[in-house]
Amino acid sequence: MNAVRRTARRLREDRGNAVVEFVVLSAALLIPSLYLVLTLGSVQAAVFAADTISRDAARIHAVEPDPQIAAERTARHTDLVLEDFGLEPGDVVEIRCSEDPCSSPGGTVVATVRIPVPVPGLGPILGDDGPITVGASHSVPVDMHRA
């Protein structure tokens, strides 16, 4: 009976620990969740950017008769899209054409984009590129009856 009284007395004297436990557990769960949301947000932004760049770069090269102008327009467009999505500018586009020049009637233009995604907070450890690379590819047929 003595043991039961001691346990009951100890339980009655246990005050204020629930708030401390709640705060500690909330912080322990909130910080990794916030990190995961930031990382997934960066990856999703890179996915949208890669898709946009690949689609538009292939279209630019399919309709522009001058390869030099097409390359310049693609570079400007790529930098603009990367900036819009908060990513570092860089040379992320590779263009392949079935015909030379790319805008030859009946040809196909394929644009492949690979964007390295930095991981928030781990840049100094993993390097600037990070362990995640997002890619997209898009092919555009050039109009057969092009003038």
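What counts, and at which threshold
- Residues numbered from 1 in each chain as written.
- Predicted model: local features only at pLDDT ≥ 70, side-chain atom pairs only at ≥ 80, totals over all residues.
- Heavy atoms only, no water.
- Salt bridge = Lys/Arg side-chain N within 4 Å of Asp/Glu carboxyl O.
- Buried < 20%, exposed > 50% of the residue type's maximum accessible area, 1.4 Å probe, protein only.
- Axes fitted to C-alpha atoms, helices over the stretch in contact; angles between N-to-C directions.
- Helix = DSSP H or I, 4+ residues; strand = E, 2+ residues; numbered from the N terminus.
- Parallel < 35°, antiparallel > 145°, perpendicular 65-115°, else oblique.
- Left-handed = near helix turned anticlockwise from the far one by under 90°.
- Contact = heavy atoms within 4.5 Å.
- Nonpolar A, V, L, I, M, F, W, Y, C, P; charged D, E, K, R; others polar.
- Pairing = 2+ DSSP bridges.

A.B. asks: Looking at this model, I keep getting lost on the pattern of salt bridges. Mind explaining?
C.D. replies: Side chains bearing opposite charge may pair, as long as their charged atoms lie close to each other. Within this structure, the stated rule accounts for 4 salt bridges. A salt bridge links Arg55 to Asp56, with the shortest nitrogen-to-oxygen separation between them at 3.7 Å. A salt bridge links Glu94 to Arg96, with the shortest nitrogen-to-oxygen separation between them at 3.9 Å. A relative accessible area of 43% means that Glu94 is categorised as partly exposed.

A.B. asks: So what exactly am I meant to see when it comes to the packing of helix 2 (residues 17-63) against helix 3 (residues 67-84) here?
C.D. replies: Think of two packed helices as two axes; the pair is described by the angle between the axes and how far apart they sit. Look at helix 2 against helix 3: their axes get within 10 Å of each other, and the N-to-C directions meet at 165°. Relative to helix 3, the element helix 2 is oriented roughly antiparallel. Of the two possible hands of crossing, helix 2 and helix 3 adopt the one that is right-handed. Along the contact surface, helix 2 presents Ala49, Thr52, Ile53, Asp56, Ala57, Ile60 and His61, while helix 3 presents Ala70, Ala71, Arg73, Thr74, His77, Thr78, Val81 and Leu82. Partitioned by chemical class, the residues of the contact of helix 2 with helix 3 number 8 nonpolar, 5 polar and 2 charged.

A.B. asks: I'm lost on the side chain of Ser54 in this one. Help?
C.D. replies: Turning to its location among the elements, Ser54 is positioned in helix 2. We classify Ser54 as buried; its relative accessible area is 0%.

A.B. asks: Got a minute to help me understand the pairing of strand 2 (residues 108-117) in this structure?
C.D. replies: Look at any regular strand and the pattern is simple: side chains alternate between the two faces of the sheet. Judged by how many residues are buried, strand 2 sits mostly within the fold: 7 of 10 residues are covered. Where strand 1 (residues 93-97) lies against strand 2, 5 bridges are found, and the strand directions are antiparallel. In the strand pairing of strand 2, Arg96 is matched with Val110. Note: strand 2 against strand 3 (residues 132-141), 10 bridges, orientation antiparallel. Counted as the bridge partner of Val113 is Ala136 from strand 3.

A.B. asks: When you look at the environment of Ser103 in this model, what are you seeing that I'm missing?
C.D. replies: Relative to the elements of secondary structure, Ser103 occurs in the loop between strand 1 and strand 2. Here Ser103 falls in the buried class, since its relative accessible area comes to 8%.

So yeah, pure geometry; function would need other evidence.
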